[in-house]
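Observations on chain architecture
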Amino acid sequence: MLRQLTIGLTCIATALGVTLSRREASLEKCPGYVLSGLIETSTGLTAALTLAGPACNVYSTDLQSLSLIVNYDSESRLHVKIEDSAKIAYQVPTSVFATPPTNGSVPAANSALEFSYTTNPFTFKVIRKSNLELLFDSSAASLIFETQYIRLRTSLPVDPNIYGLGEHTDSLRLNTTDYTRTLWSRDSYGIPAGQNLYGNHPIYFDHRGSKGTHGVFLLSTSGMDIKINRTETDGQYLEYNLMSGILDLYFLEGPSPVDVAQQYSEVTQKPAMMPYWSFGYHNCRYGYRDFYSIAEVVYNYSAAGIPLEVMWTDIDYMYERYIMTTDPDRFPIARVREYVDYLHAHNQKYIVMVDPAVAYQNEREYNLPYQTFLRGRDHGIFLQRNNSIFQGVVWPGVTVFPDWFHPKTPDFWVKEFAEFFNADTGVDIDALWIDMNEAANFNYFGDNPQESSKERGFPPIRPALRSAPRPIPGFPAAFQPNSSSPYPPDTLGYAPPWLAPAAAPNTKRSTIEEIPLGKKQASGQSLIGFPDRNLLDPPYQVDNANTIKNYGGLSNFTLNTDIIHYDGHVELDVHNIYGAMMSRYCREAMEARRPGRRPLVITRSTFAGSGHAVGKWLGDNLSTWELYRNSIQGMLNFASIFQMPMVGSDVCGFGANTTESLCARWAMLGAFNPFYRNHNGDSSISQEFFLWATVTEAAKTAISIRYRLLDYIYTALYKQHTIGTPILNPLFFMYPEDNNTFPVELQFFYGEHLLVSPVTNENATSVEIYLPNDLFYDFYTYAPIQGQGAILTMNDIGFTEIPLHIKSGAVIPIRAESGMTTTDVRKQPFTFLVAPTGLGEATGSLYLDDGDSIEQNSTSEITMSYKNKTLTIDGKFEYLAEGNSLKSITVVGLKKQPMNAYWSKVSSMHEEVWNTCPESGWSYDSRGGSVTIEVGQKLDGVIKVKFD
């Protein structure tokens, strides 16, 4: 059977290869377009584009007439739009991606960029005026614009440094030879390299060292292949290949990587400000058996002395995996409310998962009506196909899916959340986790949902009921052993692995029932996009990893691409924003149930701009050293390039089994992910941090550092929220003219000042790190290290250690002590760590607010400036609710002991009086060359500290 399948697939591949070769040859004959009717506007131009010769119609019908619109949106941003003149082609709805503001548009003469063109054939170039650098050149190949295919190519410099174009698990700096990055959302267990994954971010940074950095963003939700290649004939190029839509391009001038990041944030809208507590440590597992398991894990973290901020529960809490339900035996609502109350009483938080798929069932437990399905059905908000509700298979078995384009869906979703997550009667969650929103569907195209669900065992068998096996101190009586219980006191706290369904239920299968299906118009709505398109077997198909046969291949394990949404949008066009739309409506539902409070929503599937609403975890990774290393590039892509700062991987890995050494290293690295969560799968061994002595020590050490730095990274988040400056930085962001930094992907800056260089090889206790030609300080000893722009080998790094270095020129706000929760940390005073440059100067900032409110009544925005042995603390001091104070400052890098130390605080009368510190009020450490000066003053006004 396997041999027959292999031969069959080989024949298919051969046939496809012949077809592609012919089409590629035909593409070269496409005539392109001729520009005419040019009209210059005050801030750009418009023109008509007409097909320049006989149509090639390679994949579909060439459009005879296009429109060109060029606008200089700002001094640093150029917008180039090429659309069909009749405006029939699908365009990204502004309700999903708001049009970037153009009220700052400028005349061409005032722009840092220059748009130029040739008339016949039409091509265009984008040049940076300051150095005449050619940033984009479409003359590399003729423009092709068909009803179901678009091609645009730009030439690139030889051996370019290209970053972005996610989501992927390839290298941070992309391969530039025979490389294809496919954007088509897909449930992708194990996050394999070289394949399309969960989300879509068609933005790339082209970094050219001393010549500058620029960005190019294609606003399109179409499935696409972005090809980067170099051949003798065509040279080096990047090529867009789209299945639908238009060309809607934004060029970002830079010229530095950070500039491009900031400019991109203006296009996508700024990332959301997250609650302060979200930077705490989170714990989760798929397979927690019942409420006893949750309580025991919470208690065990406390007993081990490991801070736990947030406890999570996967879909185990649901009745038969139905969303908006709890299992009446394993997670009865009364017990769930009791352990949530326990968490809240201890200043901890609780999060559960919600999937988009709704069980296709009229009833739930005890023959009660399953109102979530019934209400959704009655409102007509589920996706329909051929005049009936579209059905798939997900964890509950047969499922249906919300249509996010239906006008009644947002209100339906808000009300379901309000009822199920009611703070007084329901599951009083503090934040939300959403998954499976690509949308995932375990069915291969053409599978019968009822048969498939039954055959493959969905919903999965639940573990046997049990009574409490042992006392759980601090929890209510129902959590304690009960000799009269009819159930045995089973000690296994996890669903047995043998009950776990396949880790990747959407594995490719070899058979398909090909059922030709008619097209369907939306009821009462006109179809959006070109009519009479082949929606199930598009003539150009992206390199989707789930496709075996073209017919229906793009629908495998997701929604059928011929579904017409309520408002007329075609699933083929909007597939890539299903998760982004769910994210938005989940955020709105969370805001509605907790008005005025910042929602934390963590999603799997994303699109450009998703950071404005939600955070992101990097999906179902594996417990391997390869994916431990790769988690760094994933985190950097989302935080630094895609403007999604609240991001992190499943620490210690989700699938397969971790090891003590891997988990210890990952616990250290994870502490420098903005989102820090340990999570693993139901068929894996347990990996809570308290299970191994080494991991416990590593976690305690890492969390202590992380918690003392909470305000440092929270301030960095505020900067990204307000001006787009990344919370994390690849080395080339900070040293853009150092060629050696361009490929570095295993080190990064946490914030702008702390260089993180983890050990990345199994069993290794040494690591080679790159230190640019700059002055650094060891984070632990304060010893100065002069980087030489070379590799430095660090040895004897234990499994509970991680190398950290402070980039000189920084003033870092640090809490004096850590704590078991972020609430405890916020009670601690500050110490400011001053790490001067060789010239003896440093700067820093500190943002303070209540950590929770969307709209703040008051904030403090404090600046720190060090020069001439004097630290000046200035700015806005309006957030006084918690009485934040400055305990001390520490200045490092001193070559000799000071003689005296002083501090002053400007009075309400604006008088500056210097106070001499007693000998007991300051100290000098000759080993690290540092002086610590006690201050002990509230952060409510200007403070100065100096020494001589």
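Summarised in this report is the structure supplied together with it.

Conventions and cut-offs
- Residues numbered from 1 in each chain as written.
- Predicted model: local features only at pLDDT ≥ 70, side-chain atom pairs only at ≥ 80, totals over all residues.
- Heavy atoms only, no water.
- Buried < 20%, exposed > 50% of the residue type's maximum accessible area, 1.4 Å probe, protein only.
- Helix = DSSP H or I, 4+ residues; strand = E, 2+ residues; numbered from the N terminus.
- Pairing = 2+ DSSP bridges.
- Axes fitted to C-alpha atoms, helices over the stretch in contact; angles between N-to-C directions.
- Contact = heavy atoms within 4.5 Å.
- Salt bridge = Lys/Arg side-chain N within 4 Å of Asp/Glu carboxyl O.
- Phe/Tyr/Trp six-rings, centres within 6.5 Å; stacked < 30°, edge-to-face > 60°.
- Lys NZ or Arg CZ within 6 Å of the ring centre and 35° of its normal.
- Core = buried A, V, L, I, M, F, W, Y, C linked by side-chain atoms within 4.5 Å.

**Some remarks on helix α11 (residues 660-670)**
The element α11 is extensively covered by neighbouring structure, given that ten of its eleven residues are classed as buried. Turning to α11, its buried residues are S661, L662, C663, A664, R665, W666, A667, M668, L669 and G670.

**Describing the sheet that holds strand β3 (residues 65-72)**
In space, the eight strands of this open sheet follow the order β1-β2-β3-β4-β16-β13-β12-β10, with antiparallel pairing throughout. For this open sheet the edge positions go to β1 (33-41) and β10 (161-166), each flanked by a neighbour on one side alone. Looking at each pair of strands side by side, their axes are set apart by 15° on average, direction ignored. Inspection of the sheet shows β10 paired to strand β12 (residues 201-207) by five bridges, in the antiparallel sense.

**Structural notes on the environment of G787**
Positionally, G787 belongs in the loop between β36 (784-786) and β37 (790-794). Since its relative accessible area comes to 1%, G787 is described here as buried. Each C-alpha atom, one on G787 and one on E752, is 17 Å from the other, the two residues being 35 residues apart in sequence. Beyond its immediate stretch of four places on either side in the chain, G787 contacts L771, P772, N773, D774 and F776.

**Notes on the pattern of salt bridges**
One pass over the full model with this rule turns up 45 salt bridges. Ionic pairing is found between D234 and R153, a salt bridge with its closest N-O pair at 3.5 Å. Highlighted residues: D234 in the loop between β14 (224-231) and β15 (235-242) and R153 in strand β9 (residues 150-155), separated in sequence by 81 residues. Judged by its relative accessible area of 32%, D234 falls in the partly exposed class. According to the relative accessible area criterion, R153 is buried, its value standing at 5%. Three or more residues joined by partner-sharing salt bridges are found here, namely D187, D435, E438, R604 and D620.

**A few points about the pairing of β12**
With seven of seven residues buried, β12 is to be regarded as a mostly interior element. Inspection of the sheet shows β12 paired to strand β13 (residues 213-218) by five bridges, in the antiparallel sense. Bridge assignment links Y204 to a residue of β13, and that residue is V216. Here β12 folds back onto β13, and the loop between the two strands holds five residues, one of which, G209, carries a positive phi near 60°.

**Let's talk about the packing of aromatic side chains**
Under the counting rule described, the total for this entry stands at 63 aromatic pairs. Here F291 and F479 contribute two aromatic rings whose centre-to-centre distance is 5.0 Å and whose plane-to-plane angle is 85°, an arrangement assigned as edge-to-face. Pair noted here: F291 is in helix α3 (residues 291-304) and F479 is in the loop between α7 (449-456) and α8 (571-574), with a separation of 188 residues, a long-range link. The exposure class of F291 is buried, given its relative accessible area of 6%. The buried category is assigned to F479, whose relative accessible area is 0%. Ring centres of Y718 and Y847 lie 3.6 Å apart, and the angle between their planes is 5°; this geometry places the pair in the stacked category. Here the residue Y718 occupies a position in helix α13 (residues 710-723), and Y847 occupies one in strand β41 (residues 842-848), the gap between them amounting to 129 residues. There is no split in this pair, since Y718 and Y847 are both buried. An aromatic cluster is built from Y317, Y360, F373, F382, W404, F412, W413, F417, F420, F421, Y578 and Y585, whose rings are joined through pairwise contacts. Taking the ring centre of W312 as reference, the NZ or CZ of R677 above it sits at 4.6 Å.

**Points about the nonpolar core**
Y339, Y350, W413, F672, F689 and F748 are the most contacted members of the largest nonpolar core, which has 198 residues in total. In contact with F689, not counting residues within four places along its chain, are Y281, Y301, I306, V651, C652, C663, A667, Y676, N678, V695, T696 and A699. Counting 47 residues, the second-largest nonpolar core is a separate cluster that includes A47, L68, Y204 and Y240.

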